[in-house]
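Breakdown of the fold
Single-letter residue listing:
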Amino acid sequence: MFKKSNLLLSITLMMGLLLFSSTIVMAQDSFTYWSMWEKGEPQQKVIEQAIKDFEEQYDVTVNVNWTGRDVVTALKPRFLSGENIDMTDQSGEELYGGLVAGGVAGKMNDVLEMSVPNEDATVEDILISESYDAYVREDGSLYIIPYNFITSVFWYNKVLFNDLGIDTPETWDEFLEMSETLKNNNIDPVAFGIQTDVYRGYFPYHAAERILGKNALNKAASDPTGEAFEDPRWERVGEILYQFSKEGKDLLMEGYESSVYPSPQMDWIMGRTGTFYCGTWIPVETKDASGENFEYGAFKFPTFEDGDGDPTAVETYPIGFNVLKDADNADLAKKFIAFFLQEKYAEQWVEVTKNMTPRAGVDAPAELADAKELLDNANSTFRLYDGVQADQPEWYASVFLPLASEVLLGEINGEEYAEKMRTETINFWEDKNE
């Protein structure tokens, strides 16, 4: 009798909690969402349709501000001044660097446990863990729920490589052999523009990942003593970067010193260069200029025999949602996040935007098949720029990028690169701590 009474009491309490939780969500009949997308973009159209469906199914209102790429910068002062903004979206690095670091972002771990509406699964069940694993903090906190999944790779034209008998390289020596074959056919090996920050930072951080391993760059950037850069492997990183330069192996396209976006990607798509390192958005940006004899292929940054990093590792670059800290309508906003992760919207995302989804079981667009295979076969992943753009943005801008320019222009060699990374890091932290 006692056990039966306890059971009935437990059931009553559980039903009460469920009813209370449901009442909270239903009491929130609207929420405000500032988006990184602009009206008319393919991504905006998919999200807008999901919003309309959500409003209709739950009889609620979503107030959307289609803000554009500067959404984090735009909303932060408004939110801090007291205006309620419930939810936003951006890349993981933008969210962590702009909102998490500023104490504005709310934790999103509970969303993983939520049920996906109209499906018999939780958010954690349907998301590829690699799409957010790298963004889980040491204390277990997570501040992003991804809906778009990006990685960065070397892109090439499969038709061109087949015609020239080039196999995609795995190692640095094979990469150099590929480059020689391209140069022998009057094709510059690598499209590149040093004036564009996103291009300039790719090779230095990838070389560090391959040679020293995950988080090595981030930890070194955070070390005021600069001692991390005394590791001789940093000189090896510098040697690889110097080989890219016109003073080294001359692997970069002619005029890379002054070339700016979108010239490098157009030189590549037109066949003037053999490869281009960029994110998985590039087929969308270049498709109209690709021509009939073009088939998108991708391979990862090469590995090194003396490298200590995981040779299978690739970058993970999610774009996703964050519900801001103490948002008035957090529960309803999180309900929408789970709603948007339904399979039908993931399929629309792939079809309409030609991007990958972090939802398991949904194929990537044909143009991204190679990149998706690299992700599927990776034993580990790492953050864009090893997280330094978000975690140490001032160091990234004042030390990392300028020295990347110097070594990729051939102005300093590998030994000088390692030494300047050490001394400039010491100077940076001394100035910052004054």
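Up top you'll find the structure we're talking about.
Residues numbered from 1 in each chain as written. Predicted model: local features only at pLDDT ≥ 70, side-chain atom pairs only at ≥ 80, totals over all residues. Heavy atoms only, no water.

Here we look at the nonpolar core
Judged by nonpolar contacts, the single largest core of 139 residues is most densely connected at Phe203 and Phe336. Sequence-distant contacts of phenylalanine 336, defined by excluding residues within four places in its chain, comprise Phe31, Ile47, Ala50, Ile51, Phe54, Met87 and Phe321. (Core = buried A, V, L, I, M, F, W, Y, C linked by side-chain atoms within 4.5 Å. Buried < 20%, exposed > 50% of the residue type's maximum accessible area, 1.4 Å probe, protein only. Contact = heavy atoms within 4.5 Å.)

Topic: the pattern of salt bridges
Here the structure, examined in full by the defined rule, presents 22 salt bridges. One salt bridge connects glutamate 93 with arginine 383, and the closest N-O pair in it is separated by 3.1 Å. With glutamate 93 in helix H4 (residues 92-100) and arginine 383 in strand S10 (residues 381-383), this residue pair connects regions lying 290 residues apart in the sequence. According to the relative accessible area criterion, glutamate 93 is buried, its value standing at 4%. Lysine 183 serves as the salt-bridge partner of glutamate 180, at 3.6 Å between the closest nitrogen and oxygen. Residue glutamate 180 and its partner lysine 183 are located together in helix H8 (residues 172-184), separated by 3 residues, close to a single helical turn. The partly exposed category is assigned to glutamate 180, whose relative accessible area is 41%. Residue lysine 183 is classed as partly exposed on the basis of its relative accessible area, which comes to 27%. (Salt bridge = Lys/Arg side-chain N within 4 Å of Asp/Glu carboxyl O. Helix = DSSP H or I, 4+ residues; strand = E, 2+ residues; numbered from the N terminus.)

With respect to empty space enclosed by the protein
Throughout the structure, instances matching the rule amount to 2 cavities of 30 Å³ or more. The space that makes up the largest cavity amounts to roughly 50 Å³. If you trace the largest cavity, you find it lined by Tyr147, Phe340, Leu341, Tyr345, Ala346, Trp349, Thr357 and Arg359. The greatest single-element share of the lining of the largest cavity, amounting to 3 residues, is contributed by helix H16 (residues 343-353). Of the residues belonging to the lining of the largest cavity, the class tally is 6 nonpolar, 1 polar and 1 charged. For the second largest cavity, the calculated volume is near 30 Å³. Taken together, Ser152, His206, Arg210, Tyr277, Lys300, Phe301, Ala313, Val314, Glu315 and Phe382 make up the full set of residues lining the second largest cavity. (1 Å grid on protein atoms, 1.4 Å probe; cavity = no way out; pocket = protein on both sides within 12 Å on 5 of 7 lines; lining within 4 Å. Points joined across faces, edges and corners; volume = space filled by probe spheres on them. Nonpolar A, V, L, I, M, F, W, Y, C, P; charged D, E, K, R; others polar.)

Observations regarding the sheet that holds strand S6 (residues 188-191)
If you trace the 4 strands from one edge of the open sheet to the other, you get S6-S7-S5-S8, paired in mixed fashion. Edge positions in the sheet fall to S6 and strand S8 (296-299), since each has one partner strand and no second. The mean inter-strand angle of the sheet, taken between neighbouring strand axes irrespective of direction, is 30 degrees. Bridge analysis of strand S5 (residues 152-157) against S8 gives 4 bridges, and the strand direction is antiparallel. (Pairing = 2+ DSSP bridges. Axes fitted to C-alpha atoms, helices over the stretch in contact; angles between N-to-C directions.)

Thoughts on the layout of surface pockets
Put simply, the largest pocket is a space of about 1,200 Å³. Along the wall of the largest pocket there are 40 residues; nearest its centre are Arg69, Glu94, Val198, Trp281 and Tyr317. Broken down by element, the residue count for the lining of the largest pocket peaks at 4 residues, all from H4. Looking at side-chain class alone, the lining of the largest pocket contains 20 nonpolar, 12 polar and 8 charged residues.

Function cannot be inferred from these measures alone, as they are strictly geometric.
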